[in-house]
Amino acid sequence: MGKLILCSSVIAKNPYCFPMTKTKVYSIEEVCYYIRNNIYMMQEEVFDRGFADWIRGELGMEETADLKDIVVTLCCSCDYYTESEINELIVIMDQTQNVPMRGRQKIKADTYLKSGSLERARQEYERILKSPDMLNAQSGEYADLYYRLGTAGAGLGE
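**Quick look at the confidence of the model for the protein**
Moving on, step 1. The predicted model of the protein averages 81 in pLDDT, with 87% of residues at 70 or higher.
Moving on, step 2. No element of the protein has a lower mean pLDDT than helix H3 (residues 67-76), at 75, and none a higher one than helix H6 (residues 118-130), at 93.

In structure tokens:
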């Protein structure tokens, strides 16, 4: 069974909308929840200048240097996660840092597919398949990418 977490921090007047999933967040607790449930697709592009400005302006927090610093600072700024849960996030971030570019792009495309952004998913899968990095791919990777590309296409009525 889950636990109920009361948002006790500042509630933003204007939400931040994460561009990949179109998810709106109003508090640091919601940001932490979003990070934990989307950690595999977290990349520097997710935390852009707009996000940093929102954190500073709406929540009154200072931005930090890099992605890992941002995640740790955000998660430690409220009582949403335990220390061991935050350490798990750090381990996941360290592991995905060593994933080849096509793997990180696939995580991004899979996130689009999962969130219903089928056109964006289709475009991302096509971009991966055309990338020079695919020269190092196994045949199973090709099969998986084409299957997911077909899933996105079918959802679009193609």
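**Overview of the packing of helix H5 (residues 101-114) against helix H7 (residues 139-155)**
Moving on, step 1. For the pair H5 and H7, the least separation of the axes is 11 Å and the interaxial angle reads 25°. The angle between H5 and H7 falls in the class roughly parallel. In this structure, H5 crosses over H7, and the sense of that crossing is left-handed. For the pair H5 and H7, contact is made by Arg102, Lys106, Asp110 and Leu113 and by Glu141, Asp144, Leu145, Arg148, Thr151 and Ala152, respectively.
Moving on, step 2. Looking at the contact of H5 with H7 residue by residue, the classes come out as 3 nonpolar, 1 polar and 6 charged.

**Quick word on H5**
Moving on, step 1. The terminal C-alpha atoms of H5, which comprises 14 residues, lie 20 Å apart, in line with the 20 Å expected from a rise of 1.5 Å per residue.
Moving on, step 2. In terms of burial, H5 is largely enclosed, as 10 of its 14 residues are buried.
Moving on, step 3. Elements in contact with the buried residues of H5: H6 and H7.
Moving on, step 4. Directly after H5, the chain includes glycine 116, whose backbone phi takes a positive value near 90°.

**A closer look at the packing of H5 against H6**
Moving on, step 1. Packing of H5 against H6 leaves a shortest axis separation of 7 Å and a crossing angle of 160°. One element, H5, and the other, H6, form an angle in the roughly antiparallel class. Considering how the two elements wind past one another, H5 and H6 form a crossing that is left-handed. On H6, the residues that touch Arg102, Gln105, Lys106, Lys108, Ala109, Asp110, Tyr112 and Leu113 of H5 are Leu118, Arg120, Ala121, Glu124, Tyr125, Arg127 and Ile128.
Moving on, step 2. Taken together, the residues of the contact of H5 with H6 sort by class into 7 nonpolar, 1 polar and 7 charged.

**Structural notes on the packing of aromatic side chains**
Moving on, step 1. Across all of its chains, the model carries 3 aromatic pairs by this definition.
Moving on, step 2. Look at tyrosine 16 and phenylalanine 18: their rings are 5.0 Å apart centre to centre, the planes differ by 85°, and that puts the pair in the edge-to-face class. There is no split in this pair, since tyrosine 16 and phenylalanine 18 are both buried.

**Things to note about the environment of serine 27**
Moving on, step 1. Along the chain, serine 27 falls in the loop between strand S2 (23-25) and helix H1 (28-37).
Moving on, step 2. Serine 27 gets classed as buried once you look at its relative accessible area, which sits at 1%.
Moving on, step 3. A C-alpha to C-alpha distance of 5.0 Å links serine 27 and isoleucine 11, two positions 16 residues apart in sequence.

**Regarding the environment of glutamate 30**
Moving on, step 1. By the secondary structure assignment, glutamate 30 is in helix H1.
Moving on, step 2. Judged by relative accessible area, glutamate 30 falls into the partly exposed class, the value being 29%.
Moving on, step 3. Separated by 19 residues in sequence, glutamate 30 and isoleucine 11 have C-alpha atoms that sit 9.9 Å apart.

Thresholds, definitions, all that
Residues numbered from 1 in each chain as written. Predicted model: local features only at pLDDT ≥ 70, side-chain atom pairs only at ≥ 80, totals over all residues. Heavy atoms only, no water. pLDDT = per-residue confidence, 0-100. Helix = DSSP H or I, 4+ residues; strand = E, 2+ residues; numbered from the N terminus. Axes fitted to C-alpha atoms, helices over the stretch in contact; angles between N-to-C directions. Parallel < 35°, antiparallel > 145°, perpendicular 65-115°, else oblique. Left-handed = near helix turned anticlockwise from the far one by under 90°. Contact = heavy atoms within 4.5 Å. Nonpolar A, V, L, I, M, F, W, Y, C, P; charged D, E, K, R; others polar. Expected span 1.5 Å × (residues − 1). Buried < 20%, exposed > 50% of the residue type's maximum accessible area, 1.4 Å probe, protein only. Phe/Tyr/Trp six-rings, centres within 6.5 Å; stacked < 30°, edge-to-face > 60°.

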